[in-house]
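Notes for the structure review
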Amino acid sequence: MWLLKVALPLPLEPMSYLPPHADGRTEVLGCRVVVPWRGELRVGVVVELEEGQHKSFALREAIAYLDERPWLRPAEIEYLAQAARDSFCMVGTLLNDLLPFLEPPLLHRVRLLPEADPAVLPRGLEALAQGWQGAQGFDPKLLDYLREAGVLQEEVSEWHSRQQALVVLQEPSEKLSEKAKAAWYALRDLRQVESMAALARAAGVGVGVVKGLVDKGYIGFVEVEPAAEAVVTRSPEPLELPAIPVRLQGGRLLERIRALLAWVQSGPVLLLFPEVALLRRFQPYFPEALVLHGEMKAEERRRVWGQASQGARWVLATYQGLLLPLSWERMVVIEEAAEAYKLPGGSRAFVPRLARLRAQGLGVPIHYCSSVNSAEVWDEPAHLLPPPQPRLYLLDLRRERGWPLSGAAIALLQQVQEKNRQAVVLSARRGYSAVLRCKQCDWKAMCPNCALPLRYHKSGRLGLLQCHQCGHEEKAPDLCPSCQSDIFDPKGPGVEWLLEALAQHLPALPRYRYTAEAKDDLRPLLAGEPGVLVGTTAILRGPVLPELALVLLPYADGFILESDFRAAERYHRLLWQLADLHPHRRPLLALQTFEPAHPAHRALKDADPQGFMNLELALRHALGYPPASRMVKLEVAHPKEPVARDAILQLAAALKPKAEPGELLGPAPAPVARLRGQYVFHLLLKSSEARIQALMENLPHLRGARLRIDPDPQRFVGLLED
DNA sequence: AGCACGCCGACT
DNA sequence: GTCGGCGTGCTC
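What comes next concerns the included structure. Predicted model, so just to flag it, every value in this text is computed and none were measured.

By nearness alone, every residue bordering DNA strand B is listed as Pro 11, Arg 38 and Arg 706. Each atom of DNA strand B within 4 Å of the protein was assigned to sugar, phosphate or base; sugar and phosphate come to 44%. One of the side-chain N or O atoms of Arg 38 is found 2.2 Å from a base nitrogen in DNA strand B. Within the side chain of Arg 706, an N or O atom sits 2.6 Å from a phosphate oxygen of DNA strand B.

Shown next as structure tokens:
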């Protein structure tokens, strides 16, 4: 007896089913299959065929395969299992995260098995004796009852929406009304419209007129191929390198693209992007590329999936391309340090890590292409393009007057205004907690255990200093322990505050806001009119300002002083990305900072990203942080504080005896200790890959609170899903 | 993840 | 005396 193991897009391991009795195919490994699930139908992937008896409980029968050819090959199935193990999650969780478009809408028809007695039909289902019926009208629970009794015959297939368009079919007759003729000619000029209502609107007639034309056969609906998004193609000269490097760094965006073009000519090559905005910037240079990303309709993505499976020269994709059943010649991860690579779903996996695993599984080379490569790939053979020469202007906040805009910064903005140019003002917008530091001397509140700044929390009248990494807490001092002066107000300048300050100092300079949540209409700026754009790092993903002359960070330290060992690396990369914000101009990069001597600033002054990263890596190795180790975050959340606390203590107690010194950090309350009504606690593991694997084995079953695992934490603030 | 089953407080 | 809260366990 053959059994199917079916991976469903649910946080579960694959489930066993009997093969559909109506379909005896055996070459179904990797095909999508429709199965009964809790009385309804779900779509999964056959990940294993096993011969044998299943005794413990009665298995259900799968209903039908959706595919002729497999969606996934054995290579992808094996990868899925391996990646799930690596991410400490269920196979189904990862399947759901990587293929959010797996389940198509279904065409489902049912009837009573002809030889069955209609008397078995429960009330409401009598129609099933009459022959094939669409399933949607019937109670799924009752249908499942018949299914289980073995008297239901079913047909299931993928539902394809027919992309229809209204077109002219025959010449208008003289008898038609003026309005009808107008509508007919309007449609002829438009060639096609998507609906009757749209034509009525376009022609300025009632829908009834259009309907009349359809009924009389002058116009009608035809199926059309979904129109591909028009992309302006560009063909720059490929930039030949002496050898193909594992990591490519530096230069301007266009130079990196040119270098890539020189070594991804034959294909198939997968280019992985952290976000759609960046993918779109590459798209014009890869005219034949298939693209796959979350802004496309699910149906469109399924179509591209089938197409890509047949072969492709280039595929530009977000993480959704990772499971494509193609044997790549090589894979390229673009901007491998981007935080957008963190999967938002249950697996919490980090795509560059998954990509490396994928390349290993296929035995193909993987490459990384970034403005500044991540610490994780730093040791790989590199080709370094000369970095863009930034014009850096450091404003020392210990000397400058004026806050949040110093006099010098206002003067710069005034010049921008006088010369009718454009400026960007960038805010770190870390709202809820800040770092406590002295205005007079260099002292700042540091954690005694972690070599990280403590975060300042307002708790009643007293300030509380807390380490978000290890949980250490102390009371905030009233006076600076080093020089006895009063403490700098630990407020970080947000976008709103900056807009106010700009309105006050430069009322005549038009202001625009640009954050992930609120985007002003930038058309005047894009048309070249003067103005200042105030926003968060969302600006990096926004359109290019044609007259950009100044990039100002009123509180650059806000980007450095996150309680996070990766903060400096991120800040350094941000500065280089700002230097490359305009494709060929070199805007002045003005930073208001308490730390003009910060290594990242020196790196920009000396145009030497290598120097900075070497220093950073030495630090990571000294402290045992990634990439010198692997980290895994365990998170427990519950609406009741004691329950959550209890659970995390249980977990810590179970791990303590196994852990060596320094491997177990915490438990600590999450930086936002209560979020969406849940109390959140963290526990961090930090050690070698092998030790992490050992520690993660047989975690205790927690009662009460739910455990979530972040297999590759990138940022140590906020809940996992923020 | 969803969903059903199962034990302890505020109501007609 | 019941209705309903969500904590716990299961899904082939």
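Next comes the rest of the account.
What follows deals with the pattern of salt bridges. Counted under the stated rule, the structure contains 43 salt bridges. Asp 86 serves as the salt-bridge partner of Arg 353, at 2.7 Å between the closest nitrogen and oxygen. In this pair, Arg 353 sits in helix 10 (residues 351–362) while Asp 86 sits in helix 1 (residues 74–86), placing the two residues 267 residues apart along the sequence. Both residues of the pair, Arg 353 and Asp 86, count as buried. Glu 275 serves as the salt-bridge partner of Arg 541, at 3.4 Å between the closest nitrogen and oxygen. Of the two residues, Arg 541 sits in the loop between strand 25 (531–535) and strand 26 (548–553) while Glu 275 sits in the loop between strand 12 (269–272) and helix 8 (276–282), which places them 266 residues apart along the sequence. Judged by relative accessible area, which is 41%, Arg 541 ranks as partly exposed. One network of salt bridges, in which partners are shared, links Arg 32, Asp 67, Glu 158 and Arg 302.

So, about the environment of Thr 233. Considering the arrangement of structural elements, one finds Thr 233 in the loop between strand 10 (219–223) and strand 11 (247–250). When near neighbours in sequence (up to four residues on either side) are disregarded, Thr 233 contacts Pro 284 and Pro 287.

Further remarks concern the side chain of Asp 144. The topology assignment puts Asp 144 in helix 3 (residues 140–149). Looking at Asp 144, its side chain comes within polar contact range of the side chain of Arg 147, at 2.7 Å. Other than its neighbours up to four places away in sequence, Asp 144 contacts Pro 36, Gly 39 and Arg 60.

Another point: the packing of helix 4 (residues 178–190) against helix 5 (residues 196–203). For the pair helix 4 and helix 5, interaxial distance at closest approach is 9 Å and the crossing angle is 105°. The orientation of helix 4 relative to helix 5 falls into the category roughly perpendicular. Two secondary-structure elements touch here, helix 4 through Ala 182, Ala 183, Ala 186, Leu 187 and Leu 190 and helix 5 through Leu 199, Ala 202 and Ala 203.

Here we come to unusual backbone geometry. Of note, the bond from Gly 267 into Pro 268 is cis; its omega dihedral lies within 30 degrees of zero at -5°. Cis geometry marks the peptide bond from Pro 626 to Pro 627, where omega comes out at 5°. On the secondary structure map, Pro 627 appears in the loop between helix 17 (609–623) and strand 28 (630–638). Of note in the backbone geometry, Arg 191 takes a positive phi value of approximately 70° without being a glycine. Along the chain, Arg 191 falls in the loop between helix 4 and helix 5. Residues other than glycine seldom take positive phi values, yet Ala 607 does so here, at roughly 50°. When you line up the elements, Ala 607 lands in the loop between helix 16 (599–605) and helix 17.

Another aspect to go through is the side chain of Asp 557. Residue position: Asp 557 is located in helix 14 (residues 557–560). Residue Asp 557 is classed as buried on the basis of its relative accessible area, which comes to 0%. Not counting the four nearest positions on each side in its chain, Asp 557 is found in contact with Arg 437, Gln 592, Thr 593, Phe 594 and Glu 595.

Further remarks concern the sheet that holds strand 1 (residues 2–7). What the five strands build is an open sheet, ordered 2-1-4-3-5; its pairing is antiparallel. Single-partner strands in this sheet number two, and they are strand 2 (15–17) and strand 5 (64–65). Of the strand pairs in this sheet, strand 3 (residues 32–37) and strand 5 are connected by two bridges, and their pairing is antiparallel. When the sheet's bridge partners are listed, Val 33 is paired in strand 5 with Tyr 65.

Cut-offs applied
- For every chain, the first residue of its written sequence is number 1, and the numbers climb from 1 along that sequence.
- Whichever chain is written first becomes A and whichever ligand is written first becomes 1, with later ones labelled in order.
- Thresholds applied to this predicted model are a pLDDT of at least 70 for local features of residues and 80 or more for the giving and counting of side-chain atom pairs; totals over whole chains, interfaces and linings are not thresholded and use all residues.
- The side-chain values count all of the structure's non-hydrogen atoms but skip hydrogen atoms and water molecules.
- For this purpose, a residue is taken to be near a molecule or strand whenever a single non-hydrogen atom of the residue falls within 4 Å of it.
- Pairs of N or O atoms are called polar contacts if they sit within 3.5 Å, as long as, within protein, a hydrogen donor faces a hydrogen acceptor (for residues adjacent in sequence, only side-chain-to-side-chain pairs).
- Salt bridge, as used here, is a side-chain nitrogen of Lys or Arg placed within 4 Å of a carboxyl oxygen of Asp or Glu.
- Comment: elements are numbered from the N terminus, with helices defined as DSSP H or I runs of at least four residues and strands as E runs of at least two.
- Each residue is assigned to one of three classes by its accessible area relative to the maximum for its type, calculated with a 1.4 Å probe on protein chains only: buried under 20%, partly exposed between the two thresholds, exposed over 50%.
- Whether two residues are in contact is decided by their heavy atoms, any of which lying within 4.5 Å being enough.
- Helix axes are fitted only over the stretch in contact, all axes being lines through C-alpha atoms; the angle between N-to-C directions runs from 0 to 180 degrees.
- Throughout this description, any angle smaller than 35 degrees is read as roughly parallel, any larger than 145 degrees as roughly antiparallel, any in the 65 to 115 degree range as roughly perpendicular, and the remainder as oblique.
- Pairing between two strands is assigned when DSSP locates at least 2 bridges connecting them.

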